[in-house]
Amino acid sequence: MQVGPVVSFYLLVIFWVIRVVIITFFCSFLGWLGIRILDVLTPTIHEREKIGQDPISIALFIAGFIIFLGCIIHGVSTSPMAIGRSLLASLINFNRLELLTINFFVSLLVAVALFNIFNKLTPKIRFLAIRDNSIAVGIYVFSYLVFLGIVLHAALTMSL
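Below: a short report on this structure. (Residues numbered from 1 in each chain as written. Predicted model: local features only at pLDDT ≥ 70, side-chain atom pairs only at ≥ 80, totals over all residues. Heavy atoms only, no water.)

**Description of helix 5 (residues 94-121)**
- Between the first and last C-alpha of helix 5 there are 40 Å, a value that for 28 residues agrees with the 40 Å anticipated at 1.5 Å per step.
- When helix 5 is considered as a whole, its buried residues turn out to be Arg96, Leu97, Leu100, Phe104, Ser107, Leu108, Val112, Phe115 and Asn119.
- In the core, the buried residues of helix 5 are packed alongside helix 1 (9-41) and helix 6 (134-157). (Helix = DSSP H or I, 4+ residues; strand = E, 2+ residues; numbered from the N terminus. Expected span 1.5 Å × (residues − 1). Buried < 20%, exposed > 50% of the residue type's maximum accessible area, 1.4 Å probe, protein only. Contact = heavy atoms within 4.5 Å.)

**Here we look at the packing of helix 1 against helix 3 (residues 55-78)**
- Across the interface, helix 1 lies against helix 3 with an axial gap of 9 Å and an inter-helix angle of 140°. Taken together, the axes of helix 1 and helix 3 lie oblique to each other. Handedness of the crossing formed by helix 1 with helix 3: right-handed. In contact with Trp16, Arg19, Val20, Ile23, Thr24, Cys27, Ser28, Gly31 and Ile35 of helix 1, helix 3 contributes Phe61, Phe65, Phe68, Leu69, Ile72, Ile73, Val76 and Ser77. (Axes fitted to C-alpha atoms, helices over the stretch in contact; angles between N-to-C directions. Parallel < 35°, antiparallel > 145°, perpendicular 65-115°, else oblique. Left-handed = near helix turned anticlockwise from the far one by under 90°.)

**A look at the packing of helix 5 against helix 6**
- It is at 9 Å that the axes of helix 5 and helix 6 come closest, and there the two elements cross at 145°. In this structure, helix 5 crosses over helix 6, and the sense of that crossing is right-handed. When helix 5 is examined against helix 6, the residues Arg96, Leu99, Leu100, Asn103, Phe104, Ser107, Leu108, Ala111 and Phe115 are found in contact with a partner set consisting of Tyr140, Tyr144, Phe147, Leu148, Val151, Leu152, Ala155, Leu156 and Thr157.
- Taken together, the residues that form the contact of helix 5 with helix 6 break down as 14 nonpolar, three polar and one charged. (Nonpolar A, V, L, I, M, F, W, Y, C, P; charged D, E, K, R; others polar.)

**Regarding the environment of serine 79**
- For serine 79, the location among the structural elements is in the loop between helix 3 and helix 4 (87-91).
- Spatially, the C-alpha atoms of serine 79 and leucine 156 are 6.4 Å apart, while their sequence positions differ by 77 residues.

**Comments concerning the pattern of salt bridges**
- If you walk through the whole model with that rule in mind, you get one salt bridge.
- Notably, a salt bridge pairs aspartate 39 with arginine 48, separated by 2.7 Å at the nearest N-O pair.
- What makes aspartate 39 buried here is its relative accessible area of 16%. (Salt bridge = Lys/Arg side-chain N within 4 Å of Asp/Glu carboxyl O.)

**Let's talk about the nonpolar core**
- Counting residues in hydrophobic clusters, the biggest one holds 29 residues, and the most contacted among them are Leu100, Phe104 and Leu152.
- For this core, the elements supplying multiple residues, two or more each, are helix 1, helix 3, helix 5 and helix 6.
- Per-element accounting of this core gives the leading share, nine residues, to helix 6.
- With residues near it in sequence (within four places) discarded, leucine 152 still touches Cys27, Leu30, Phe68, Ile72, Leu100 and Phe104. (Core = buried A, V, L, I, M, F, W, Y, C linked by side-chain atoms within 4.5 Å.)

**Some points on a nonpolar patch on the surface**
- A cluster of nonpolar side chains, namely Phe9, Tyr10, Val13, Trp16, Val17, Val21 and Phe25, defines an oily patch on the protein surface of about 750 Å² accessible area.
- Inspection of the secondary structure puts phenylalanine 9 in helix 1. (Patch = residues over 30% accessible without salt bridge, like charges linked within 9 Å, V, L, I, M, F, W, Y side chains within 5 Å. Areas by Shrake-Rupley, 256 points an atom, 1.4 Å probe, with all protein chains shown as cover.)

**Quick notes on helix 6**
- For helix 6, which comprises 24 residues, the first-to-last C-alpha distance of 34 Å matches the rise-based estimate of 34 Å (1.5 Å per residue) to within 8%.
- Between the side-chain oxygen at the start of helix 6 and the backbone nitrogen of isoleucine 135 there is a gap of 2.7 Å, and the oxygen is on asparagine 133. (Polar contact = N/O pair within 3.5 Å; in protein donor to acceptor, adjacent residues only side chain to side chain.)

**What to know about the environment of histidine 46**
- Relative to the assigned elements, histidine 46 resides in the loop between helix 1 and helix 2 (47-51).
- With relative accessibility at 42%, the residue histidine 46 sits in the partly exposed group.
- Through-space distance from the C-alpha of histidine 46 to that of serine 134 is 9.5 Å; in sequence the pair is 88 residues apart.

**A look at the packing of aromatic side chains**
- Under the criterion given, the structure shown has six aromatic pairs.
- Centroid distance tyrosine 144 to phenylalanine 147: 6.3 Å. Interplanar angle 40°. Geometry classified as tilted. Here tyrosine 144 and its partner phenylalanine 147 are both found in helix 6, three residues apart, which amounts to about one turn of the helix.
- Aromatic rings pair up to connect Phe115, Phe127 and Tyr140 into one cluster. (Phe/Tyr/Trp six-rings, centres within 6.5 Å; stacked < 30°, edge-to-face > 60°.)

None of this, on its own, says anything about what the molecule does.
Structure below.
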């Protein structure tokens, strides 16, 4: 009687690496889409245009993206893989992809809604004044990428 995995360790590692790459690219696409949607939902702040105006803004964007990727890679690396499924089915779990996508859109809409609500509730703090400074926009997008990374990390590691 065999105790332990039915497939070899190296085959599991190969499937694990492939899954990490696939999910990381999918989540990176969501991050890119999130920046594009953020541009649309906050029309007075031109994020992608402003970030490119200053090297510090660019560095903040890159730092946010690296933290975003770290959250994603950690989430996909620590989520369960081949428990009760075939290896191929554990490579691309469509329920998990649906959960990631739903979580992405809900968190994006909630974040933008709360941004606008807090902007209205605090009239002495002009949130939209960040549009006048590329570094401020860089910090804003940096925090959004970290937020999105944490949200997607939660979707990756939660039990289904």
